[in-house]
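Examination of the molecular architecture
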Amino acid sequence: MEKSTVTEIRERFDNEVERFSNLETGQVATMDAKIALELITCTARAVKSEAKTILDLGCGAGNYTLKMLSKVSDLDCTLVDLSQNMLDKAFERVSEATTAKVETIQGDIREIELPKNHYDIILAAAVLHHLREDSDWELVFQKLYDSLTPGGCFLISDLLVQDHEGVNGLVWKMYGNYLKQHGGEEYQQKVFDYIEKEDTPRSMTYQLDLMKKVGFSSTEILHKNACFGAFGGIK
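Quick look at the structure, then. (Residues numbered from 1 in each chain as written. Predicted model: local features only at pLDDT ≥ 70, side-chain atom pairs only at ≥ 80, totals over all residues. Heavy atoms only, no water.)

Helix and strand counts for the protein come out as seven helices and seven strands. Along the protein, from the amino end to the carboxyl end, the secondary structure elements read α-α-β-α-β-α-β-β-α-β-α-α-β-β. A total of 235 residues make up the protein; the buried ones form 54% of that total. A sequence separation of at least 24 residues applies to 74% of the contacts in the protein between residues at least 6 apart. Element-wise, carbon and sulfur atoms account for 49% of the exposed surface of the protein, whose accessible area totals about 10800 Å². (Helix = DSSP H or I, 4+ residues; strand = E, 2+ residues; numbered from the N terminus. Buried < 20%, exposed > 50% of the residue type's maximum accessible area, 1.4 Å probe, protein only. Contact = heavy atoms within 4.5 Å. Areas by Shrake-Rupley, 256 points an atom, 1.4 Å probe, with all protein chains shown as cover.)

Encoded structure:
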């Protein structure tokens, strides 16, 4: 199947702002969404408690930045997303939660210019699985590493594949059962169809190895359940 273009992905998210605006439930289609949100923001605080700047990549309606601001107050926030509708909602919500600067950038992370040695915390939740080729992944990971301050952290919560075909089949069966429990067979098929159309996830191992390749001094695994995980690297 031919994958969705950036424009098609942007148009879908333009129409789903409210679904991405619930801080209490997170994304129902994402296993352990609330656990990942809590773990990632707690970890960012533990790594960089004196943080002043945050970059939220694929910010959606701003949930991750809002949770981060509840742990480290008055961060200068840079929100990046393909969807202007998402950015408008995120800006509105985040601006109410901080007296510091809030900046929005609409665009594709592969094309956006980022300042060097600037961000103390970079969060990427359910966004990197839209990258396609190995060259895209390496470009983005290097760009994000370069934009971190020394000791800063890049933390990911995302959909994953497994490196072994048999294990991959097992965990996707687990995910299918999870989706059926939450919405029945039709819901499960709907989610699987848009993953097939839109997403090209990579394994956690692939991403941790890539972090080391581009320069991260250490990596951490925070959580994994079937084909979802939370993990990251420290510069």
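Taken in spatial order, the seven strands line up as 3-2-1-4-5-7-6 in an open sheet, and their pairing is mixed. Of all the strands in the sheet, the pair left with one neighbour each is strand 3 (102-106) and strand 6 (218-225). Taken pair by pair, the neighbouring strands of this sheet meet at an average axis angle of 15 degrees, ignoring direction. Bridge count for strand 5 (residues 148-159) against strand 7 (residues 228-234) is seven bridges, and the pairing is antiparallel. Looking at the pairing, Leu-155 lines up with Gly-232 of strand 7. Set on the sheet, helix 5 (residues 134-147) makes contact with strand 1 (53-57), strand 4 (119-125) and strand 5; between it and strand 5 the angle comes to about 140 degrees. (Pairing = 2+ DSSP bridges. Axes fitted to C-alpha atoms, helices over the stretch in contact; angles between N-to-C directions.)

With that out of the way, let us pick up the packing of aromatic side chains. Under the counting rule described, the total for this entry stands at ten aromatic pairs. Taking 5.8 Å as the distance between ring centres and 65 degrees as the angle between the ring planes, the aromatic pair formed by Trp-172 and Phe-192 counts as edge-to-face. Given the relative accessible area of 16%, Trp-172 is considered buried. Assessed through its relative accessible area of 22%, Phe-192 is described here as partly exposed. Their ring planes at 40 degrees and their centres at 5.9 Å tell us that Tyr-175 and Phe-192 sit as a pair that is tilted. Taken together, Trp-137, Phe-141, Tyr-145, Phe-154, Tyr-206 and Phe-216 form an aromatic cluster joined through their ring pairs. For Arg-202, the ring lying beneath its charged end belongs to Tyr-206, and the centroid distance is 4.9 Å. Over the ring of Tyr-145 we find Lys-235; its NZ or CZ atom is 4.7 Å from the centre of that ring. (Phe/Tyr/Trp six-rings, centres within 6.5 Å; stacked < 30°, edge-to-face > 60°. Lys NZ or Arg CZ within 6 Å of the ring centre and 35° of its normal.)

Turning to its location among the elements, Arg-202 is positioned in the loop between helix 6 (165-198) and helix 7 (204-214). Only 2.8 Å separates the side chain of Arg-202 from the backbone oxygen of Arg-132, close enough to count as a polar contact. With near-sequence residues (within four places) excluded, Arg-202 lies in contact with Arg-132, Glu-133, Asp-134, Trp-137, Leu-159, Leu-160, Val-161 and Gln-207. (Polar contact = N/O pair within 3.5 Å; in protein donor to acceptor, adjacent residues only side chain to side chain.)

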